[in-house]
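One letter stands for each residue in the lines below.
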Amino acid sequence: MPHLESTWTHSLTRRDAARALAAFAAGSPLALAQQDPFRDHSRVPAIDELLNAFDFEAVAYAKLPRQAYDYTAYGTDGEFTMRRNREAFSWVDLTPCVQSIAKPDTALTLFGKPHAFPILLSPTAGHLQLHPAAEAATHQGATAARTTMIVSNVASLPINEIAAAAPGPLWFQFYPREDLTAARDTLDRAQAAGCQAIVVTVDQQAPVFERDLHGRHLGPIARRLPARQPAAANPYRISDRRLWYSWKYLDQIREMVKVPMLAKGILTAEDARLCLEHGLDGVYVSNHGGRSLDYAPATLEVLPEIVDAVAGRVPVIFDSGIRRGTDVLKALALGATAVCLGRVPRWGLGAYGAPGVQRVVEILQAEFVQAMAAAGRPNLAALNRTLVRTDFP
Ligand code: LAC
């Protein structure tokens with residue numbers, strides 16, 4: 001007699017019944033969800049369940065309104081550059097040397113200030129959409145993680161309020177203002193609030209964020225006009241506030257800045273040389289996280305030629321695409337002095353507020369330490385091109 005029929009020939013023991021019930025419960029989708037923090041939408045995973053930066057994105061996605069998530073996630077147009085930023089890291093292999101490293105030393109001095117790690121926070125806009133405490137929480141998280149936050153010129157809170165929220169170091173990102181009085185006012189406020197460096201964004205960030213436009217029925221207003229409805233004054237999507245950018249302008253504001261001043265958005269050796277000619281104190285290699293010009297190269301691909309052009313005369317800061325400690329290692333091996341994280345702390349902030357920023361930055365720091373040890377490199381000075389094999393297309 002087959003097994004199933006035979007089960008009816010005798011009555012169940014209590015033990016069999018309990019076992020059957022337990023098996024039924026364990027097989028239910030509800031119980032499975034309890035075992036998997038990323039499928040159980042009835043609870044937010046505890047912060048310690050998150051292992052890497054990507055995990056924070058999943059939680060932020062679950063918690064944030066669509067528009068806030070999309071604003072952080074997207075790149076301009078077809079998002080080619082945004083994807084390529086990540087892909088470029090897979091074209092660089094790490095070639096370790098045999099050397100046991102007890103405790104890698106990650107410290108560096110940047111513009112005369114000590115940094116525990118070569119990892120800072122990129123300037124990113126409007127943290128209020130990610131968390132009610134906005135940039136104040138980001139600053140608290142950054143301070144707790146012993147890192148420097150670069151405050152965006154389009155922050156949700158005034159710079160003095162962000163500065164007062166935590167004791168850690170700040171830099172300030174500046175969007176050029178043609179009106180030099182207004183420019184001076186903004187730069188004065190940032191310096192009075194104690195910002196230790198000024199990063200001037202020079203890419204002509206002129207995006208169309210199509211995810212925003214697709215989301216038009218769900219959010220309050222689409223943030224950018226479609227290309228077929230250009231703003232009256234110019235047909236290029238580039239904001240009128242940016243059409244006049246010039247190197248001469250950097251000379252004009254240089255005398256307003258008493259702290260080190262960098263240009264952010266450099267993607268060629270030629271522009272890096274111009275930064276030096278114009279007396280800038282640092283070069284910031286960035287394609288705005290793929291949010292400026294689609295089909296711009298990945299920052300990792302252009303980093304070596306920029307590093308060669310700068311030839312150690314000023315620090316080279318790098319962002320766009322860092323998600324892992326090994327990414328940091330690759331950028332430093334190719335000559336970056338330090339890297340910045342843009343989306344990563346935004347996922348931390350959106351997921352858990354200040355503790356999320358702290359935790360996600362600490363995860364990257366810990367990954368970086370592990371990567372240095374595994375690569376047999378005792379300190380940042382030992383990170384050079386012998387550590388990588390690049391195969392850029
Ligand atoms: C952006 C601008 C505001 O990337 O920097 O959205």
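If you're wondering where the values come from, they're calculated on a predicted model, not measured in any experiment.

A. Highlighting the overall build of the protein. In terms of helices and strands, the protein carries 16 helices and twelve strands. Expressed as a percentage of its 393 residues, the buried residues of the protein come to 52%. Working note: accessible area of the protein is about 18,600 Å², and carbon and sulfur atoms make up 56% of it.

B. Local environment of the pairing of strand E11 (residues 338-341). Side-chain alternation along E11 places Ala 338 and Cys 340 on one buried face and Val 339 and Leu 341 on a second face that is also buried. As paired elements, strand E4 (residues 119-121) and E11 share three bridges and run parallel to each other. Residue pairing across strands places Leu 120 opposite Cys 340, the latter belonging to E11. In this structure, strand E10 (residues 316-318) lies alongside E11, joined through two bridges in parallel fashion. Looking across to E11, one finds that Phe 318 is bridged to Val 339. Read as a crossover between parallel neighbours, the route from E10 over helix H14 (residues 325-333) to E11 is right-handed.

C. Layout of the packing of aromatic side chains. Taken as a whole and judged by the stated rule, the model has seven aromatic pairs. With a centroid separation of 4.7 Å and an interplanar angle of 85°, the aromatic rings of Tyr 61 and Tyr 69 are classed as edge-to-face. Between Tyr 71 and Tyr 74, the ring centres sit 5.6 Å apart and the planes meet at 75°, which makes this aromatic pair edge-to-face. Considered together, Tyr 71 and Tyr 74 belong to a single accessibility category, that of buried residues. Every member of this aromatic cluster is reached through a ring pair, and the members are Tyr 61, Tyr 69 and Trp 347. Over the ring of Tyr 284 we find Lys 264; its NZ or CZ atom is 5.6 Å from the centre of that ring.

D. Representation of unusual backbone geometry in the model. For Arg 146, which is not glycine, the phi torsion reads 55° and is therefore positive. Here Arg 146 lies in the loop between helix H7 (134-144) and strand E5 (149-151). Judged by relative accessible area, Arg 146 falls into the exposed class, the value being 58%. Notably, Ala 311 is not glycine yet its phi reads approximately 50°, a positive angle. Inspection of the secondary structure puts Ala 311 in the loop between helix H13 (299-310) and E10. You can call Ala 311 exposed: its relative accessible area is 53%.

E. View of helix H11 (residues 247-254). Within the span of H11, buried status applies to Tyr 249, Leu 250, Ile 253 and Arg 254. In a view along the axis of H11, the buried residues occupy a sector of 140°, so they form one face of it.

F. Molecular detail of the side chain of Ser 320. Summarising the element assignment, Ser 320 is placed in the loop between E10 and H14. A polar side-chain atom of Ser 320 sits 2.9 Å from a polar atom in the side chain of Asp 319. Ignoring anything within four residues of it in the chain, the contact list for Ser 320 reads Asn 85, Phe 89, Ser 286, Asn 287, His 288, Gly 289 and Thr 299.

G. Inspection of empty space enclosed by the protein at higher detail. Counted by the stated rule, this structure contains two cavities of 30 Å³ or more. Here the second largest cavity is characterised by a volume of approximately 50 Å³. Around the second largest cavity sit Leu 121, Ser 122, Thr 124, His 127, Thr 138, Met 149, Ile 150, Leu 341, Gly 342, Pro 345 and Arg 346, which together line it. Breaking the lining of the second largest cavity down by element, the ones donating at least two residues are E5 and helix H15 (343-352).

H. The arrangement of H7 in detail. Most of H7 sits out of view: nine of its eleven residues are buried. On the buried face of H7, the contacting elements are E4, E5, helix H8 (159-164), strand E6 (170-174), H15 and helix H16 (354-375). Immediately beyond the C-terminal end of H7, within one or two residues, lies Arg 146, with a positive phi of roughly 55°.

Here is what the cut-offs are and how they apply
Residues numbered from 1 in each chain as written. Predicted model: local features only at pLDDT ≥ 70, side-chain atom pairs only at ≥ 80, totals over all residues. Heavy atoms only, no water. Helix = DSSP H or I, 4+ residues; strand = E, 2+ residues; numbered from the N terminus. Buried < 20%, exposed > 50% of the residue type's maximum accessible area, 1.4 Å probe, protein only. Areas by Shrake-Rupley, 256 points an atom, 1.4 Å probe, with all protein chains shown as cover. Pairing = 2+ DSSP bridges. Right-handed = clockwise from strand over helix to strand, strands pointing away. Phe/Tyr/Trp six-rings, centres within 6.5 Å; stacked < 30°, edge-to-face > 60°. Lys NZ or Arg CZ within 6 Å of the ring centre and 35° of its normal. Arc of directions from axis to C-beta. Polar contact = N/O pair within 3.5 Å; in protein donor to acceptor, adjacent residues only side chain to side chain. Contact = heavy atoms within 4.5 Å. 1 Å grid on protein atoms, 1.4 Å probe; cavity = no way out; pocket = protein on both sides within 12 Å on 5 of 7 lines; lining within 4 Å. Points joined across faces, edges and corners; volume = space filled by probe spheres on them.

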